[in-house]
Amino acid sequence: MQSRLSLVAHHGLNRLAAREHAWLERLNGVCLPDWEVGLLRLASRLGDGLFWYGLMLALLAWHGWEALPAVLHMIVAGLLGTLIYKWLKGATERPRPYQVCPTICCLTAPLDRFSFPSGHTLHAVVFSLVATAYYPALGWLVWPFTALVAASRLVLGLHYMSDVLVGALLGATVAGITLML
């Protein structure tokens, strides 16, 4: 038996998805060169966590113990983001666009079953905000990567625009709250 939140979420997200299908079909159907699709697949794969773990290790290697507060902050904010997005995915159970609309192609394997919100985008924004709060000079690296991750979710057929936007908003909220503490 579904909870009331789940039923309300399903209804609202289904109505929103119907409005987003046509736009997403055009975006997903863009004839990109193989190298661009490959770049978005790479961004998606690195956005699974590899890029962020590498960044944390690099910060520790470059700055030693001085980087520990930033790295621990990234870990805590990332874990909080994971709890929030996993709860929301379970509560809403929104299918991915390619599961609902046969004209949308899935161009890479998803990590989980549901779409709302985009965990990749949430974490990219969390980690980018926290990292640049401690090390502003990293902005040239993390923000373009964050944009690639967010774009990859749409073009690869894994998420709706609303999934990505809510993921970014949640990521900014989590980072903002943890930076105020």
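The structure displayed is predicted, hence computed values, not measured ones. (Residues numbered from 1 in each chain as written. Predicted model: local features only at pLDDT ≥ 70, side-chain atom pairs only at ≥ 80, totals over all residues. Heavy atoms only, no water.)

Asker: Looking at this structure, I do not really get the overall build of the protein. What am I missing?
Answerer: Secondary structure assignment for the protein yields seven helices and zero strands. Secondary structure of the protein in N-to-C order comes out as α-α-α-α-α-α-α. Residues classed as buried in the protein amount to 45% of the 181 residues present. Restricting to contacts in the protein with at least 6 residues of sequence separation, those with at least 24 account for 79%. Of the roughly 9,500 Å² of accessible surface on the protein, a fraction of 71% belongs to carbon and sulfur atoms. (Helix = DSSP H or I, 4+ residues; strand = E, 2+ residues; numbered from the N terminus. Buried < 20%, exposed > 50% of the residue type's maximum accessible area, 1.4 Å probe, protein only. Contact = heavy atoms within 4.5 Å. Areas by Shrake-Rupley, 256 points an atom, 1.4 Å probe, with all protein chains shown as cover.)

Asker: Teacher, can you tell me more about the layout of surface pockets here?
Answerer: Which parts of space are left empty comes out when a probe the size of a water molecule is rolled across the atoms. Counted as a void, the largest pocket has a volume near 380 Å³. If you trace the largest pocket, you find 22 residues lining it, with D48, Y53, T82, Y85 and H123 closest to the centre. Elements with a minimum of two residues in the lining of the largest pocket: α2 (34-63), α3 (68-92) and α5 (119-134). Counting residues per element, the lining of the largest pocket draws most heavily on α3, which supplies seven residues. For the lining of the largest pocket, the per-class residue count stands at nine nonpolar, eight polar and five charged. (1 Å grid on protein atoms, 1.4 Å probe; cavity = no way out; pocket = protein on both sides within 12 Å on 5 of 7 lines; lining within 4 Å. Points joined across faces, edges and corners; volume = space filled by probe spheres on them. Nonpolar A, V, L, I, M, F, W, Y, C, P; charged D, E, K, R; others polar.)

Asker: So what exactly am I meant to see when it comes to the pattern of salt bridges here?
Answerer: Two side chains that carry opposite charge are able to pair once their charged atoms sit near each other. Overall, the coordinates contain four salt bridges when judged by the stated rule. Its salt-bridge partner being D48, residue R45 comes within 2.8 Å of it at the nearest N-O pair. One end of the pair, R45, and the other, D48, are both in helix α2, three residues apart, so they sit about a helical turn from each other. A salt bridge links R94 to D163; its shortest N-O distance comes to 2.6 Å. A residue pair is termed long-range when its members are at least 10 positions apart, and R94 in the loop between α3 and α4 (97-100) and D163 in helix α7 (residues 161-180) qualify at 69 residues. For the pair shown, R94 and D163 are each scored as buried. Through salt bridges with shared partners, a single network forms among K89, R96 and D112. (Salt bridge = Lys/Arg side-chain N within 4 Å of Asp/Glu carboxyl O.)

Asker: What should I look at first to understand the confidence of the model for the protein in this one?
Answerer: The predicted coordinates ought not to be read in detail in places where the model reports low pLDDT. Per-residue pLDDT for the protein has a mean of 88; in total, 84% of the residues score no lower than 70. Looking over the protein, one finds the lowest element-wise mean pLDDT in helix α1 (residues 4-28), namely 64, and the highest in α5, namely 98. (pLDDT = per-residue confidence, 0-100.)

Asker: Just checking my understanding: could you explain the environment of I177 for this structure?
Answerer: Take I177: it is sitting in helix α7. Between the C-alpha atom of I177 and that of A77, which follows or precedes it by 100 residues, the distance is 9.1 Å.

Asker: What am I meant to see in the packing of aromatic side chains here?
Answerer: To describe a pair of aromatic rings, one takes the distance between the centres and the angle between the planes. The tally for this structure, following the rule as stated, stands at four aromatic pairs. An angle of 20° between the planes, with centres 3.9 Å apart, marks the rings of F51 and F145 as stacked. Residue F51 is found in helix α2, and its partner F145 is found in helix α6 (residues 139-155); the two are separated by 94 residues along the sequence. One exposure class covers both F51 and F145, and it is buried. (Phe/Tyr/Trp six-rings, centres within 6.5 Å; stacked < 30°, edge-to-face > 60°.)

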